[in-house]
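An overview of the molecular structure
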Amino acid sequence: MTPQQPRTTARSAGVSLNRALSKLGLCSRTQAEVLIAEGRVRVGGKVVRNASQRVDLNRDRIVVDDRPVVAERKVYLILNKPRGLVTTRDDPQQRDTVYACLEGLDLPFVSPVGRLDKASEGLLMMTNDTRFANRLMDPASHLPKTYHVQIGTVPDEAMLAALRSGVTLDGETLTTNSIELLRSGGRTAWLEIVLDEGRNRHIRRLLAAHDIEVLRLIRIAIGLLRLGDLAKGTARHLTPDELALLGG
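This one's a predicted model, so the numbers in the text were calculated from it and none came from an experiment. (Residues numbered from 1 in each chain as written. Predicted model: local features only at pLDDT ≥ 70, side-chain atom pairs only at ≥ 80, totals over all residues. Heavy atoms only, no water.)

Some thoughts on the overall build of the chain
Rules: A run of H or I in DSSP counts as a helix once it spans at least four residues, and a run of E counts as a strand once it spans at least two, with each numbered from the N terminus. Relative accessibility under 20% of the residue-type maximum defines a buried residue, over 50% an exposed one, and the middle range a partly exposed one, all with a 1.4 Å probe and only protein chains included. When checking whether two residues touch, look at their non-hydrogen atoms; a contact exists if any pair is within 4.5 Å. In short, Shrake-Rupley with a 1.4 Å probe defines the accessible areas, and a residue's cover is counted only from the protein chains shown. Positive charges come from Lys and Arg, negative ones from Asp and Glu, while His and the chain ends are left out of the count. Working definition for charges: the position is that of NZ of Lys, CZ of Arg, CG of Asp or CD of Glu.
The helix and strand tally for the chain stands at 6 helices and 17 strands. With respect to the principal axes defined by its C-alpha atoms, the chain has extents near 70 × 60 × 40 Å. Across the 248 residues of the chain, 41% fall into the buried class. For the chain, the share of sequence-separated contacts (at least 6 apart) that also reach a separation of at least 24 residues comes to 66%. As displayed, the chain offers around 14,200 Å² of accessible surface, 47% of which is attributable to carbon and sulfur atoms. Across the chain, the 36 positively charged side chains and the 29 negatively charged ones have centroids separated by 6 Å.

As structure tokens, this is what we get:
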């Protein structure tokens, strides 16, 4: 006798309500949870106060403050992140965020694609296309990310070889695709470091393991998409050709 397959239930279908509001470009998941808790969200005509309730984006009618929520146009941005901003929408410590760079722009809700830490600069992508973002962040995509890093020493070949061999910290192995010396002068140097996956503070931890001080860390490219001469603190829409470089 062939065992029966478990039936798909309504709960296992679709996405959670707070995630649905984010995917539709209305707000972040955290903001959606507040709207839901305040009773401002209805699904199929009924008020829903459970953020984890599953909804079907193709079938369920979702209304917030008596206005139907419809999918926003897809937006793909490139931002030159300045140092000192955090890559998040809602910061519990009330620090300045990358969203300050988007003020005054007519945009739906967009989220960062990956992160740059507060002290890092350079190319940050933002979008409301969650499938596109997830594909870019998937380690299986092996999409290289290129950084220019100023360090507080002038490395010799032995130091560069040690960096290229990687390091294991707390059971986690940190490696790079490549590390090249760009230029040096006085007591500092610039390295070009390429990663195909970015672990938390990957470059900073790798260099710190060799007692190398990081003075500046700038991401200049994701795949074939380059930061170019985009002014610091500004954002612009990707061109169709640039989007094609990323497989969009």
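Quick notes on the environment of Lys46
Mapped onto the elements of the fold, Lys46 is located in strand 3 (residues 46-47). Taking the relative accessible area as the measure of exposure, Lys46 reaches 63% and is therefore exposed. Separated by 17 residues in the primary sequence, Lys46 and Arg29 place their C-alpha atoms 20 Å from one another.

Examining the pattern of salt bridges
To keep it simple, the criterion reads: Take a side-chain nitrogen of Lys or Arg and a carboxyl oxygen of Asp or Glu: if they are within 4 Å of each other, that pair is a salt bridge.
Applying the stated rule across the entire model yields 11 salt bridges. A salt bridge links Arg42 to Asp66; the nearest nitrogen and oxygen atoms lie 2.8 Å apart. In this pair, Arg42 is assigned in strand 2 (residues 41-43) and Asp66 in the loop between strand 5 (62-64) and strand 6 (67-68), connecting sequence segments 24 residues apart. Across the salt bridge formed by Glu172 and Arg205, the nearest N and O atoms sit 2.7 Å from each other.

Some thoughts on the confidence of the model for the chain
Using the following cut-off: The pLDDT value expresses, per residue, how confident the predictor is, ranging between 0 and 100.
Mean pLDDT over the chain stands at 89; residues scoring 70 or higher make up 94%. Note that pLDDT drops below 50 for residues 1-12; the model gives that stretch 4 contacts with residues more than four away or on any other chain.

As for helix 2 (residues 29-37)
The cut-off we apply is this: As used here, the arc belongs to the directions running from the helix axis to the C-beta atoms.
Among the residues of helix 2, Ala32, Leu35 and Ile36 are the ones counted as buried. Along the axis of helix 2, the buried residues cluster in a sector spanning 95 degrees; they form a single face. Contacts made by the buried residues of helix 2 are with helix 1 (17-23), strand 2 and strand 5. In the stretch just after helix 2, Gly39 is the one whose phi turns positive, near 75 degrees.

Let's talk about the side chain of Asn128
Heads up, the rule is: Pairing of N or O atoms within 3.5 Å defines a polar contact, subject to two protein rules: one partner must be a possible hydrogen donor and the other a possible acceptor, and residues neighboring in sequence count only if both atoms are side-chain atoms.
Relative to the elements of secondary structure, Asn128 occurs in the loop between strand 9 (121-127) and helix 3 (130-137). By relative accessible area, which is 6% here, Asn128 ends up buried. At 2.7 Å, the side chain of Asn128 and the backbone oxygen of Arg73 are in polar contact. In this view, Asn128 contacts Lys23, Glu72, Arg73, Lys74, Val75, Pro108, Phe109 and Val110; residues no more than four positions away in its chain are not counted.

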